[in-house]
Amino acid sequence: MKKYAIGSDHAGYEMRLSIKAYLESRGFSVDDFGTFDREKSNYPEIADVVANKVAGGGYDGGILICGTGVGMSLAANKVRGIRAACVSEPYSAKMSKEHNDANIICFGARVIGIETAKMIVDAWADSEFAGGRHKTRVDMITKLEKDGHL
Ligand code: RB5
């Protein structure tokens, strides 16, 4: 059974609860890392927890939701081993897994509606990394992360 880590700030609170329930309805296991109320919160703190959980292993991936998805993706991508994609539609979500091996998907609760969000997580969770020439490129991202240049 696939297992995901999920988190959001206050802006993504309601959407996160809906997406968590949706993933569970699909039979996936979901660990929820908050935020646990609607009070203003700092998206880097949630990105830190979810990204380190995913980077540490034991998860098939992570889902991060804020107002735009941008802050979450910027913060998550600072954690070694994380490839967080910020998307607004399912095609990019699918490609982010197939071509980029994105291990975290981010989107914005102030940008898209819940039905598009469900389509995004479906497209990403149901796709596999294609490998081959795409692995060569993803390995370059890893080298950039490690050395700061190719
Ligand atoms: C919070 O107001 C908002 O800045 C945050 O949710 C996110 O959109 C940042 O990228």
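Residues numbered from 1 in each chain as written. Predicted model: local features only at pLDDT ≥ 70, side-chain atom pairs only at ≥ 80, totals over all residues. Heavy atoms only, no water.

Draft legend 1. Representation of the overall build of the protein chain. When its secondary structure is counted, the protein chain shows six helices and five strands. Helices and strands in the protein chain line up, N terminus first, as β-α-β-α-β-α-β-α-β-α-α. Relative to the globule expectation of 15 Å for 150 residues, the C-alpha radius of gyration of the protein chain, 14 Å, shows essentially globular dimensions. When its C-alpha atoms are laid out on the principal axes, the protein chain stretches across 40 × 30 × 30 Å. Sorting the 150 residues of the protein chain into buried and exposed places 45% on the buried side. Accessible surface for the protein chain amounts to roughly 7500 Å². Of this, 52% is attributable to carbon and sulfur atoms. Taking the average place of the 20 positive charges on the side chains of the protein chain and the average place of its 20 negative ones, the gap between the two points comes to 5 Å. (Helix = DSSP H or I, 4+ residues; strand = E, 2+ residues; numbered from the N terminus. Rg over C-alpha atoms; globule rule 2.2 N^0.38 Å. Buried < 20%, exposed > 50% of the residue type's maximum accessible area, 1.4 Å probe, protein only. Areas by Shrake-Rupley, 256 points an atom, 1.4 Å probe, with all protein chains shown as cover. Lys, Arg positive; Asp, Glu negative; His and termini not counted. Charge placed at Lys NZ, Arg CZ, Asp CG, Glu CD.)

Draft legend 2. Seen up close, the site of the ligand. The full set of residues close to the ligand is Asp9, His10, Ala11, Tyr43, Cys66, Gly67, Thr68, Gly71 and Arg110. Within the contact set of the ligand, an oxygen atom lies 2.8 Å away from a backbone nitrogen or oxygen of Gly67. Taken by itself the ligand offers 290 Å² of open surface, and the protein chains cover 71% of this. When the residues that make up the shell around the ligand are grouped by side-chain class, the tally is three nonpolar, four polar and two charged. (Near = heavy atom within 4 Å. Polar contact = N/O pair within 3.5 Å; in protein donor to acceptor, adjacent residues only side chain to side chain. Nonpolar A, V, L, I, M, F, W, Y, C, P; charged D, E, K, R; others polar.)

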